[in-house]
Amino acid sequence: MLYSQSCMDKHQVVGVLRQMEKFLKGQEMRFTEGIRIMKSKLAALQNSVSKLPQADQSAAPTTCPSLEAPTHGRKFGSKYAVGHEVHFTCSQGYHLVGPGTRVCQDNGSWSGISAICKDVSECASNPCQNGGTCVEGVNQYKCTCPQNWSGSHCQHQTQTDVNECEVYRLDQGGKLCVHECVNVPGSYHCSCPSGYKLLPDGRSCEDVDECLSQQHNCSRGTTCINTGGGFQCVNPECPRSHGNISYVKTSPFQCERNPCPMDSRSCHLAPKTVSFHYLSLPSNLQTPATLFRMATAAAPGRTGPDSLRFGIVGGNSRSIFIMQRSDRQTGELILVQQLRGPQEISVDVDMSEYSDRTFQAKHVAKVHVLVSPYNF
């Protein structure tokens with residue numbers, strides 16, 4: 001009995017070992033099949049990725065083709081990257097037909113159409129006096145005067161004595177006087193227009209600063225602004241209140257926006273400051289000429305904006321001015337067309353502040369240009 005029991009235990013052990021062997025073989029087959037499936041899927045994924053188009057084949061153009069200045073005109077701007085602007089102006093005696101500014105667009109083309117410069121008739125304003133005949137020239141005109149009249153506009157009656165003013169002009173090709181030469185029997189003298197004084201050289205004229213010399217009649221609450229040959233009394237007003245937007249005057253030439261409600265987007269987009277500037281210019285000032293600079297400065301202990309944008313937002317319908325950046329923190333208002341006085345022109349420029357490409361604030365400067373009738 002004892003021997004029989006021992007043989008039965010041995011058979012049971014052999015059976016268990018065989019069952020374990022079958023189990024392990026099944027597990028090995030399933031593991032091998034799993035590895036095969038994973039390799040197949042990885043090969044399919046690599047094949048699909050290799051068929052994707054190269055990134056540089058679909059990249060959008062980053063520049064636009066170069067632009068030329070119009071005939072009888074000038075071009076401002078030499079960068080042709082997307083978002084950059086190129087400005088066009090015409091020489092004296094020509095006016096611009098077409099857009100004064102073109103922008104490089106995302107698709108690699110320029111906005112607008114090509115601009116051209118067309119001739120302006122100098123005789124259209126009838127500059128010749130006392131029956132004189134206007135003759136057109138290249139960017140200029142000449143008056144042919146009738147008998148007994150002389151001068152560039154036939155404004156002087158011929159004298160019986162020697163006219164030193166005309167003799168000097170004909171012989172030397174210039175003028176004895178900066179403003180007007182007055183012939184008198186046996187001599188001459190120079191005169192200046194009202195609001196100017198004759199300098200010790202007897203020829204040149206200098207503007208009288210009525211504001212500095214207290215020769216004005218500006219009332220209290222207004223400020224005297226000196227102009228070529230005169231003055232103006234000004235009292236600029238802040239923009240009118242509307243909705244949640246209102247302003248308070250913090251100085252004679254600046255207004256600041258009152259605090260905005262937290263939920264008013266229109267108020268936050270309105271100019272934070274509005275400043276007023278008055279510039280007196282002589283007639284026919286040589287161009288291009290920088291008239292005004294706009295910059296920002298951070299308060300002590302605070303970081304300033306990391307990006308500024310400058311632009312013209314009003315009053316430049318004749319493309320007389322352009323606004324361009326001179327450095328990272330400064331924009332310049334530049335006169336690109338000569339102005340013949342007397343005339344007054346207003347232009348509004350703005351400066352927008354951004355931090356991390358997010359709009360922070362906008363500042364507007366209202367520039368009023370007063371052009372003298374004279375080129376001195």
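Residues numbered from 1 in each chain as written. Predicted model: local features only at pLDDT ≥ 70, side-chain atom pairs only at ≥ 80, totals over all residues. Heavy atoms only, no water.

The protein appears in an unreviewed UniProt entry as Fibulin 7 from Myripristis murdjan. UniProt annotates the protein under Sequence similarities (unreviewed entry) with the comment "Belongs to the fibulin family." (UniProt positions renumbered as here; feature names shortened; annotations may be inferred.)

Taken together, 3 strands build an open sheet; the order of strands is E19-E22-E21 and the sheet is antiparallel. In the strand order of this sheet, the two ends are held by strand E19 (289-295) and strand E21 (321-327), each with one partner. Recorded for the sheet is a direction-independent mean angle of 30 degrees between the axes of neighbouring strands. As judged from the 6 bridges shared by E21 and strand E22 (residues 330-335), these two strands associate in the antiparallel manner. Following the sheet pairing, Met323 is matched in E22 by Leu333. (Pairing = 2+ DSSP bridges. Helix = DSSP H or I, 4+ residues; strand = E, 2+ residues; numbered from the N terminus. Axes fitted to C-alpha atoms, helices over the stretch in contact; angles between N-to-C directions.)

Two measures describe an aromatic ring pair: the distance that separates the ring centres and the angle between the ring planes. Considering all chains together, one arrives at 6 aromatic pairs under this definition. With a centroid separation of 5.2 Å and 75 degrees between ring planes, the pair formed by Tyr196 and Phe376 is classed as edge-to-face. Residue Tyr196 is found in strand E12 (residues 196-198), and its partner Phe376 is found in the segment after strand E24 (358-371); the two are separated by 180 residues along the sequence. Given a relative accessible area of 9%, Tyr196 falls into the buried group. On the basis of relative accessible area, Phe376 is assigned to the partly exposed category, the value being 25%. On the numbers, 5.8 Å between centres and 75 degrees between planes, the contact of Tyr354 with Phe359 is edge-to-face. According to the relative accessible area criterion, Tyr354 is buried, its value standing at 15%. In this structure an aromatic cluster arises from ring pairing among Tyr196, Tyr374 and Phe376. One cation-aromatic arrangement involves Arg309 over Tyr354; the distance from NZ or CZ to the ring centre is 4.2 Å. (Phe/Tyr/Trp six-rings, centres within 6.5 Å; stacked < 30°, edge-to-face > 60°. Buried < 20%, exposed > 50% of the residue type's maximum accessible area, 1.4 Å probe, protein only. Lys NZ or Arg CZ within 6 Å of the ring centre and 35° of its normal.)

For the rest of this paragraph, the subject is the pattern of salt bridges. A complete count under the given rule lists 3 salt bridges for this structure. Where Glu206 meets Lys197, a salt bridge forms, and the shortest distance between an N and an O atom there is 3.6 Å. We classify Glu206 as partly exposed; its relative accessible area is 36%. What makes Lys197 partly exposed here is its relative accessible area of 43%. Between Arg293 and Glu332 there is a salt bridge, and its shortest N-O distance comes to 2.9 Å. Residue Arg293 is found in strand E19, and its partner Glu332 is found in strand E22; the two are separated by 39 residues along the sequence. For Arg293, a relative accessible area of 55% puts it in the exposed group. Exposure remark for Glu332: the relative accessible area of 10% places this residue in the buried category. (Salt bridge = Lys/Arg side-chain N within 4 Å of Asp/Glu carboxyl O.)

The next thing to look at is the pairing of strand E11 (residues 187-191). Where strand E10 (residues 180-184) meets E11, 5 bridges bridge the pair, whose relative direction is antiparallel. Each residue of the ladder has a partner; that of Val184, found in E11, is Ser187. Between the end of E10 and the start of E11, which pair antiparallel, lie 2 residues, with Gly186 showing a positive phi angle near 80 degrees.

Attention shifts here to unusual backbone geometry. Following Thr287, the chain continues into Pro288 via a peptide bond in cis, with omega recorded as -5 degrees. Summarising the element assignment, Pro288 is placed in the loop between strand E18 (273-281) and E19. The peptide bond linking Gly341 to Pro342 adopts the cis configuration, its omega dihedral lying at 0 degrees. With respect to the helices and strands, the residue Pro342 is situated in the loop between E22 and strand E23 (343-355). We note that Asn130 has phi near 55 degrees; this positive angle belongs to a residue other than glycine. Tracing the sequence through the fold places Asn130 in the loop between strand E5 (116-119) and strand E6 (133-136). Accessibility expressed as a relative area gives 35% for Asn130, which makes it partly exposed. Residue Arg357 is not a glycine yet carries a positive backbone phi of 65 degrees. Position of Arg357 relative to the elements: it lies in the loop between E23 and E24. Take Arg357: its relative accessible area is 83%, and that puts it in the exposed class.

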